[in-house]
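Spelled out, the chains give:
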Amino acid sequence: MKSLKKTTALFILCFSLSQVNAQYKMKPVEGYSPQIGLMVYMLEDLKGRITEQVKDLDQSQTDFLYDKDANSIGSLIMHLVSTEAYFQIETLEGRQWTEEEQERLGIGAGLNEESKRKLRGKPIQHYLDLWDEVRQKTLAGLKTKDDAWFASSIDEEINYHWAWYHVMEHSANHMGQIGTVKNRLPK
């Protein structure tokens, strides 16, 4: 009888999970070429999930460091802003950061002592607004490109698809770090 209950519970769990997963499908976002549309879908999904995780943080939670080597959630979000802005300017605009862009958007690039010092005292919405601003430019730029461009090489070692995959994987990686920091927040 125990075995039947375990089997039934496992079946219900697996069936429930399969129903949940059936609702989630990768599909290109309209208005983009197919491969770029899939990347946009993934970028937007990750940004939405990260935003949902952090949008209600107060100032002490945004700036919290659980040890001297850790990064705050605010600095991790700014790091995502910096990474996306860098790849956007390099790949979509074909140029380097201006000094003003470096100062405004590049501060989170290094996740170092300087950024830890400078990226304090700003509400979480400050970082989320910057990310929204950068993302809107990314989306507009990607709309002007096609899958042939996406597959073309920047140089021998890298193509545009990989560059934007890196932005996406970077977000996924730091989403995990943000979750770790949230788990360490003082109760």
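Residues numbered from 1 in each chain as written. Predicted model: local features only at pLDDT ≥ 70, side-chain atom pairs only at ≥ 80, totals over all residues. Heavy atoms only, no water.

Here we come to the nonpolar core. Core analysis: the biggest nonpolar cluster contains 45 residues, and Val-54, Ile-73, Ile-77, Leu-142, Trp-149 and Trp-164 have the highest contact counts within it. Residue assignment for this core shows that the elements contributing at least two residues are helix H2 (34-54), helix H4 (73-92), helix H7 (124-143), helix H8 (147-151) and helix H9 (160-184). Discounting chain neighbours no more than four positions away, the residues touching Val-54 are Ile-73, Ile-77, Ile-124, Leu-128 and Ile-178. (Core = buried A, V, L, I, M, F, W, Y, C linked by side-chain atoms within 4.5 Å. Buried < 20%, exposed > 50% of the residue type's maximum accessible area, 1.4 Å probe, protein only. Helix = DSSP H or I, 4+ residues; strand = E, 2+ residues; numbered from the N terminus. Contact = heavy atoms within 4.5 Å.)

As a further point, take the side chain of His-79. Tracing the chain through its elements places His-79 in helix H4. Residues contacting His-79, with those up to four places away along its chain left out, are Gly-108, Ala-109, Leu-111, His-170 and His-174.

Evaluation of the coordinates by the stated rule reveals 14 salt bridges. A salt bridge links Arg-104 to Glu-133; the shortest N-O distance between them is 2.6 Å. Linking Arg-104 in helix H5 (residues 99-105) with Glu-133 in helix H7, this pair joins segments that are 29 residues apart in sequence. Overall, Arg-104 belongs to the partly exposed group, its relative accessible area being 35%. Looking at Glu-133, the relative accessible area reads 36%, which means it is partly exposed. Ionic pairing is found between Lys-118 and Glu-114, a salt bridge with its closest N-O pair at 3.0 Å. Residue Lys-118 and its partner Glu-114 are both found in helix H6 (residues 113-118); the two are separated by four residues, about one turn of the helix. Looking at Glu-114, the relative accessible area reads 36%, which means it is partly exposed. Through salt bridges with shared partners, a single network forms among Glu-93, Arg-95, Glu-101 and Lys-137. (Salt bridge = Lys/Arg side-chain N within 4 Å of Asp/Glu carboxyl O.)

Our focus in this paragraph is the environment of Thr-91. For Thr-91, the position within the fold is in helix H4. On the basis of relative accessibility, which here comes to 8%, the residue Thr-91 falls in the buried class. The spatial distance from the C-alpha of Thr-91 to the C-alpha of Ile-154 is 8.2 Å, given a sequence separation of 63 residues. Sequence-distant contacts of Thr-91, that is, excluding residues within four places in its chain, are made with Trp-149, Ile-154, Tyr-160, Ala-163 and Trp-164. Reaching out from Thr-91, the side chain makes a polar contact with the backbone oxygen of Phe-87 at a distance of 2.6 Å. (Polar contact = N/O pair within 3.5 Å; in protein donor to acceptor, adjacent residues only side chain to side chain.)

As a further point, take unusual backbone geometry. Notably, Leu-111 is not glycine yet its phi reads approximately 45°, a positive angle. Here Leu-111 shows up in the loop between H5 and H6.

Any pair of aromatic rings gets described here by the distance separating the centres and the angle formed by the planes. Tallied over the entire structure, the rule returns four aromatic pairs. Look at Trp-149 and Tyr-160: their rings are 4.3 Å apart centre to centre, the planes differ by 25°, and that puts the pair in the stacked class. Within this pair, whereas Trp-149 is found in helix H8, its partner Tyr-160 is found in helix H9, the two being separated by 11 residues in sequence. Per residue, the accessibility class of Trp-149 equals that of Tyr-160, and both read buried. One aromatic cluster in this structure is built from Tyr-86, Phe-87 and Trp-97. Taking NZ or CZ as reference, Lys-47 lies 5.2 Å from the ring centre of Trp-131, over its face. The lysine or arginine in question, Arg-184, covers the ring of Tyr-66, its NZ or CZ lying 4.0 Å from the ring centre. (Phe/Tyr/Trp six-rings, centres within 6.5 Å; stacked < 30°, edge-to-face > 60°. Lys NZ or Arg CZ within 6 Å of the ring centre and 35° of its normal.)

Here the focus is the packing of H2 against H9. As a packed pair, H2 and H9 sit with axes 10 Å apart at the nearest point and diverge in direction by 15°. Relative to H9, the element H2 lies roughly parallel. The element H2 and its partner H9 pack so that their crossing is left-handed. Counted together, Gln-35, Met-39, Met-42, Leu-43, Leu-46, Arg-49, Ile-50, Gln-53 and Val-54 of H2 and His-161, Trp-164, Tyr-165, Val-167, Met-168, Ser-171, Ala-172, Met-175, Ile-178, Gly-179 and Lys-182 of H9 form the full contact between these two elements. Looking at the contact of H2 with H9, its residues break down into 13 nonpolar, five polar and two charged. (Axes fitted to C-alpha atoms, helices over the stretch in contact; angles between N-to-C directions. Parallel < 35°, antiparallel > 145°, perpendicular 65-115°, else oblique. Left-handed = near helix turned anticlockwise from the far one by under 90°. Nonpolar A, V, L, I, M, F, W, Y, C, P; charged D, E, K, R; others polar.)

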